[in-house]
Amino acid sequence: MHFEIVESFLAVAEHRSISKAAASLYTTQPAMSQRLRRLEESLGFSLFERSWNGVRLTRQGAYFLPYAAQLVRDLSNASAVLGRHDLPRPRSFTEVADHPRKVMFGIDNWLSVKAVHAVVSAARRTCALDEFQVTSRSASTLIDLLRLNQLDAGLFYSTDTDLPFHTETVGTEELVLVHPPGTMLEEISVPAVTELLARHRFVLFDNPVLTHHARITTALIDTYEITRFHVVDDFRTARVLIGLGDCITVLPAGVVLGEQGTPDPGLPCTPLPGLLPLIHVTAGISDVGLEHGVSPGFTRSMPRALSGEMTFT
């Protein structure tokens, strides 16, 4: 997918006209139309509905647009940091761009503070403070970076046991029901959970969580006959909606635990033992990570650091 094709899609969405979008990018209308056709063919769905009044986004196009905009913005930001050195740039850009390559540790941005502490502690045992860096990304991005040898080691939620680098399951977490204050589960059973879920809209998390855990969310929807949803892409938003009494959801226990390993008292959480599968916490080391001296001791240290994290009161 060429960068100019994505830019063309955004221009047409902005101007709601192929001819105006073409003019804004100093190209011809036929060239713009060809770019859109190529993009739609590569994606497998239509982005625009065309009429005599111009063009408007299809439902699929509206969903795709923020990801396209984020892609263009991310590439633009990277270019700004790494761009021509003969042009004046903020000092911070220079410091980031010229920072020496360090041993890179990644952590799933859905894991708890205690998990972050575990990774940083393991990194400090392996390297001096000036020798390593910790980055927070989605689990799917961490897996990609490990596969591409652009990350030395990482800790992430995973449902996949067949990854192309050294991995070890270092712990498991229960999936817990996160429900509004004042509500309670009468008993730990499928009928009771189904009844409580039916009284609220179910918070469904959009990409990248949705695609990475699609099997789990699909099983939840089918098993508990969930029909009402509210879609978010951020846990803070979900937390507010649940706290206001409008929504309910199911999450790995570690997502809702604080620094002390206990849930937020303002956000009731009920474990569902035996009703839902456990989710794995996986440590991974890439080939380049092994070359950089990140030993399997990194994975072996995680269970000790994470012990006690699943405490509920």
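On a predicted model such as this, the values are computed, not experimentally measured, just so you know.

Caption draft 1: View of the overall build of the protein. For the protein, the count of helices and strands is 13 helices and twelve strands. Summarising its shape, the C-alpha atoms of the protein cover approximately 65 × 50 × 35 Å along the three principal directions. Residues classed as buried in the protein amount to 42% of the 313 residues present. A separation of at least 24 residues holds for 74% of the contacts in the protein among residues at least 6 apart in sequence. Accessible area for the protein stands at about 17200 Å²; split by element, carbon and sulfur atoms hold 53% of it. If you average the places of the 27 positive and of the 34 negative side-chain charges in the protein, the two averages end up 6 Å apart.

Caption draft 2: Representation of the sheet that holds strand β4 (residues 132–137) in the model. Taking strand neighbours across the sheet as the criterion, the five strands line up as β4-β3-β5-β12-β6 in an open arrangement whose pairing is mixed. Two strands lie at the open edges of the sheet, namely β4 and β6 (166–173), each paired on one side alone. Ignoring strand direction, the axes of neighbouring strands in this sheet form an average angle of 20°. For strand β3 (residues 103–108) and β4, the ladder comprises six bridges, and the chain directions are parallel. Considered in β4, the bridge of Ile 107 is made with Ser 136. In the packing of helix α6 (residues 113–126) onto the sheet, contacts are made with β3, β4 and β5 (153–158), and the angle to β3 comes to roughly 165°. Each of β3, β4, β5 and β12 (279–285) is contacted by helix α7 (residues 139–147), which is oriented at about 140° to β5, the strand it contacts most.

Caption draft 3: Spotlight on the sheet that holds strand β7 (residues 175–178). Strands sit in the order β9-β8-β10-β7-β11 across an open sheet of five strands; the sheet is mixed. Each of the sheet's edge strands pairs with one partner strand only, and the pair in question is β9 (229–232) and β11 (269–271). The average angle at which neighbouring strand axes cross in this sheet is 30°, direction not considered. Against the sheet, helix α11 (residues 235–243) contacts β7, β8 (201–205), β9 and β10 (247–252), and its axis sits at roughly 135° relative to β10.

Caption draft 4: The arrangement of the packing of aromatic side chains in detail. The tally for this structure, following the rule as stated, stands at nine aromatic pairs. With centroids separated by 5.5 Å and ring planes inclined at 50°, the aromatic side chains of Phe 9 and Phe 48 adopt a geometry described as tilted. Of this pair, Phe 9 sits in helix α1 (residues 3–15) while Phe 48 sits in strand β1 (residues 48–51), placing them 39 residues apart in sequence. Among the residues examined, Phe 9 registers a relative accessible area of 0% and is labelled buried.

Caption draft 5: Main features of the pairing of β3. Along β3, six of the six residues are buried, which leaves the element largely enclosed by surrounding structure. Side-chain alternation along β3 places Val 103, Phe 105 and Ile 107 on one buried face and Met 104, Gly 106 and Asp 108 on a second face that is also buried. Read as a crossover between parallel neighbours, the route from β3 over α6 to β4 is right-handed. The pairing of β3 with β5 spans three bridges and is classified as parallel. Bridging across to β5, Gly 106 finds its partner in Gly 154.

Caption draft 6: Spatial organisation of the packing of α1 against helix α4 (residues 59–82). The contact between α1 and α4 brings their axes to 10 Å, and the two run at 125°. The orientation of α1 with respect to α4, classified from their angle, is oblique. The handedness of the crossing between α1 and α4 comes out as left-handed. Packed against α1, whose contacting residues are Phe 3, Val 6, Glu 7, Phe 9, Leu 10 and Ala 13, the element α4 presents Gly 61, Phe 64, Leu 65, Ala 68, Ala 69, Leu 71, Val 72 and Leu 75 at the interface. Within the contact of α1 with α4, the residues separate by chemical class into twelve nonpolar, one polar and one charged.

Caption draft 7: Structural context of the nonpolar core. With 58 residues, the main nonpolar core has Phe 105, Leu 155, Phe 205, Phe 235, Phe 298 and Met 302 as its most contacted residues. When residues in this core are grouped by element, the largest group, five residues, is from α6. In this structure Phe 105 touches Val 119, Ala 123, Cys 127, Phe 132, Gln 133, Val 134, Thr 135, Leu 151, Ala 153, Val 294 and Phe 298, once residues within four positions along its chain are discounted. Counting 19 residues, the second-largest nonpolar core is a separate cluster that includes Ala 13, Leu 47, Phe 48 and Phe 64.

Caption draft 8: Structural detail: helix α10 (residues 214–223). If you check which residues of α10 are buried, you get Ile 216, Thr 217 and Leu 220. Relative to the axis of α10, the buried residues are bounded by an arc of 95° and lie together on one face. For α10, exposure combined with an orientation more than 90 degrees from the buried face picks out Arg 215 and Asp 222. In this structure, the buried side of α10 is in contact with β7, β8, α9 (209–212), β10 and β12.

Caption draft 9: How the structure looks around the side chain of Thr 217. Inspection of the secondary structure puts Thr 217 in helix α10. For Thr 217, the residues in contact, after removing those within four places along its chain, are Leu 204 and Leu 210.

Caption draft 10: The pairing of β1, seen in detail. Here β1 runs beside strand β2 (residues 54–57); their pairing, made up of four bridges, is antiparallel. The residue bridging Ser 51 from the neighbouring strand is Gly 54, located in β2. The antiparallel pairing of β1 with β2 creates a hairpin that spans two residues between the two strands.

Rules and cut-offs
Residues numbered from 1 in each chain as written. Predicted model: local features only at pLDDT ≥ 70, side-chain atom pairs only at ≥ 80, totals over all residues. Heavy atoms only, no water. Helix = DSSP H or I, 4+ residues; strand = E, 2+ residues; numbered from the N terminus. Buried < 20%, exposed > 50% of the residue type's maximum accessible area, 1.4 Å probe, protein only. Contact = heavy atoms within 4.5 Å. Areas by Shrake-Rupley, 256 points an atom, 1.4 Å probe, with all protein chains shown as cover. Lys, Arg positive; Asp, Glu negative; His and termini not counted. Charge placed at Lys NZ, Arg CZ, Asp CG, Glu CD. Pairing = 2+ DSSP bridges. Axes fitted to C-alpha atoms, helices over the stretch in contact; angles between N-to-C directions. Phe/Tyr/Trp six-rings, centres within 6.5 Å; stacked < 30°, edge-to-face > 60°. Right-handed = clockwise from strand over helix to strand, strands pointing away. Parallel < 35°, antiparallel > 145°, perpendicular 65-115°, else oblique. Left-handed = near helix turned anticlockwise from the far one by under 90°. Nonpolar A, V, L, I, M, F, W, Y, C, P; charged D, E, K, R; others polar. Core = buried A, V, L, I, M, F, W, Y, C linked by side-chain atoms within 4.5 Å. Arc of directions from axis to C-beta.

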